[in-house]
Amino acid sequence: MGDIIDVDVLVYGSAIVDFICYVDRLPKEGETIRGHKFENGFGGKGANQCVAAARLGSKCALIAKLGNDSWGEKYLENLQKEGVNTQHVKICQEQNTGIAQIAVSKEGENNIIIVTGANDSLNIIDVNEGQQLFDSAKVLLCQLETSLEGTLEALKRFKGISVLNAAPAMANTPKELLQAAKILCVNETEAALMTQNEEIKTLEQAKLATKKLMDIGANTVIITLGAQGAVYSEKMDKEKFYHVPGQKVEKVIDTTGAGDAFLGALAYHMAKYPEKALHQHIGYANLQASYSVQFPGTQSSFPNAQSVPSPLEEFSYQSI
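Residues numbered from 1 in each chain as written. Predicted model: local features only at pLDDT ≥ 70, side-chain atom pairs only at ≥ 80, totals over all residues. Heavy atoms only, no water.

### Some thoughts on the layout of surface pockets
Estimated volume of the largest pocket: approximately 1300 Å³. As for the largest pocket, its lining consists of 48 residues, and the residues nearest its centre are Asn110, Asn187, Thr255, Ala258 and Gly259. Taken as a whole, the second largest pocket spans an internal volume of roughly 220 Å³. Ile161, Lys182, Ile183, Thr220 and Glu234 are, among the 13 residues lining the second largest pocket, the residues nearest its centre. (1 Å grid on protein atoms, 1.4 Å probe; cavity = no way out; pocket = protein on both sides within 12 Å on 5 of 7 lines; lining within 4 Å. Points joined across faces, edges and corners; volume = space filled by probe spheres on them.)

Written out as structure tokens, the structure reads:
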């Protein structure tokens, strides 16, 4: 354990194998439709975000659990191939690797069902065993595809920039969980569920949801809005709200994993450029997410540092 000295991004979270069906449109309730392509891929919000940050150049470590099956072995090999530190990725006996069933329409929209498997056993013991990583990392990323108890402890234990991606969203997210993270990041659908709104489609709706999340207990809040970019407000000035525009894309192929591409890029940029303002980190994350939606798959769609170099100019933003 003494060989880990320098970690940019630490991810405590899920690792899930994706089974992806490509269809003309998403099925209605009770409907069977014919797909035209099937693929396997590596996913899970935790591992996705870790790989996304590693692709861009971060020194990344993952704390996660896989099943004692062929998928677990393949996943571990893939993480190592991506350059992720897997010292705290455990293969669990008598458990299955988590899986996700994903349908992707020709417009790039998707629906997803997950069976979390070994991810459910990630807990406080794993946080304790990874203490050196918590002490050395600059940014921590957590999600809600593993137990709340372990995630809460991970957020409390970390002293650097902690980011909670509250997904899958909960209608009554524990206030303690929101308070423990330095930054809460959710998409418009997740924010709507957490704030009990019917929908969030406009910047004004996103602004109101951001305020409500901060009133509930969150510190700094980022709500991603797909092609529209993101809205945010910071703890230091809760009365001000900003919009960072998204990047225009000619053709969307697959939005699966775009949020994870965003979060991995956000963590990478915050770790590498701690002096930059939050809107610059968000602008960079928007840029990387816009690249990922132009390619099929999840981790397979994530860019590397050469794919989408940082623009020389600063990213724009505006008060709302």
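### Digging into the pairing of strand E5 (residues 85-92)
Note: strand E4 (residues 60-67) against E5, six bridges, orientation parallel. Among the inter-strand pairings, Leu66 is bridged to a residue of E5, identified as Ile91. (Pairing = 2+ DSSP bridges. Helix = DSSP H or I, 4+ residues; strand = E, 2+ residues; numbered from the N terminus.)

### Observations concerning the sheet that holds strand E6 (residues 98-104)
A sheet is described by the order of its strands in space; here four strands give the open sequence E3-E2-E6-E7, paired in mixed fashion. Bordering the open sheet on either side are strand E3 (35-43) and strand E7 (110-115), each of which pairs with just one other strand. In this sheet, adjacent strand axes meet at a mean angle of 15° when their direction is disregarded. In the sheet, strand E2 (residues 16-23) pairs with E3 via eight bridges, with the strands oriented antiparallel. From the neighbouring strand, Ile20 faces E3, where its bridge partner is Glu39. In the packing of helix H2 (residues 70-81) onto the sheet, contacts are made with E2 and E3, and the angle to E3 comes to roughly 70°. (Axes fitted to C-alpha atoms, helices over the stretch in contact; angles between N-to-C directions. Contact = heavy atoms within 4.5 Å.)

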